[in-house]
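# Structure at a glance
Here is what each chain is made of, one letter per residue.
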Amino acid sequence: MTLPSTGRSVPIAAFVAAVGGVLAIVSAPLAWATATMGSDSSSVGGLDKDYMNGKTEIVLGIVLLVLVAAWILNLRIPFIGLLVIVVGVAILAVPIATYFTTLYYPMSLKDTADAMNQLGGNTSFGIGFILAAVGGGLAIVGGGLGLMQKSA
């Protein structure tokens, strides 16, 4: 399916992927996790201190938007849908790595949540974490739709 845009048709898949790229960029400065202990609450964002997860999301979001712009302009890039999927997987990998590994934070979010629960506190995902995951998913869906359109 395509949408009319200045005399040419643009695949809806490209717009879906573009929304994923925008969400990845928007997620960067927002809170990625919140820890609450009693009445005290503390949030950590993607651009706090020397953390790289927000910066990684910004770079991947820009790369995705450049690919989508090339797609919309109908530039002949081989396997554009597959490239969009690969970048979408990378965008989705950032929140997953943030949760399970110490790649982006000194202590994984999972370990932090476990420690807070043992102390009687509570942790929750921040809006940045959620938007990054949704953005990666949308990029993957957009790229997949693009691949399906090419094969149809």
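Residues numbered from 1 in each chain as written. Predicted model: local features only at pLDDT ≥ 70, side-chain atom pairs only at ≥ 80, totals over all residues. Heavy atoms only, no water.

Our focus in this paragraph is the nonpolar core. Judged by nonpolar contacts, the single largest core of 26 residues is most densely connected at W32, L64, V68, W71, V84, I91 and Y105. Going through the elements one at a time, α1 (12-27), β3 (31-37), α2 (53-72), α3 (80-100) and α5 (127-151) are the ones with two or more residues in this core. Of the residues forming this core, the biggest block, six residues, is contributed by α3. Among residues more than four places away in sequence, those in contact with V68 are A14, A17 and A18. (Core = buried A, V, L, I, M, F, W, Y, C linked by side-chain atoms within 4.5 Å. Buried < 20%, exposed > 50% of the residue type's maximum accessible area, 1.4 Å probe, protein only. Helix = DSSP H or I, 4+ residues; strand = E, 2+ residues; numbered from the N terminus. Contact = heavy atoms within 4.5 Å.)

Axes are the key here: two packed helices are described by the angle between their axes and the distance separating the axes. At their nearest, the axes of α2 and α3 sit 10 Å apart, and the two run at 165° to each other. Viewed along their axes, α2 and α3 adopt a mutual orientation that is roughly antiparallel. Helix-helix and strand crossings are classified by hand; for α2 and α3 the assignment is left-handed. For the pair α2 and α3, contact is made by N53, T56, E57, L60, G61, V63, L64, L67 and W71 and by I80, L83, V84, V87, A90, I91, V94, P95 and T98, respectively. Here the contact of α2 with α3 is composed, by residue class, of 13 nonpolar, four polar and one charged. (Axes fitted to C-alpha atoms, helices over the stretch in contact; angles between N-to-C directions. Parallel < 35°, antiparallel > 145°, perpendicular 65-115°, else oblique. Left-handed = near helix turned anticlockwise from the far one by under 90°. Nonpolar A, V, L, I, M, F, W, Y, C, P; charged D, E, K, R; others polar.)

Ordered by their spatial adjacency, three strands build an open sheet running β4-β3-β5, and the pairing between neighbours is antiparallel. Either end of the sheet is taken by a strand with one partner, and the two such strands are β4 (40-45) and β5 (122-125). Along the sheet, successive strands turn relative to each other by an average axial angle of 15°, direction set aside. As defined by bridge partners, β3 adjoins β5 across four bridges and the pair is classed as antiparallel. Directly across from A33, in β5, lies its bridge partner F125. (Pairing = 2+ DSSP bridges.)

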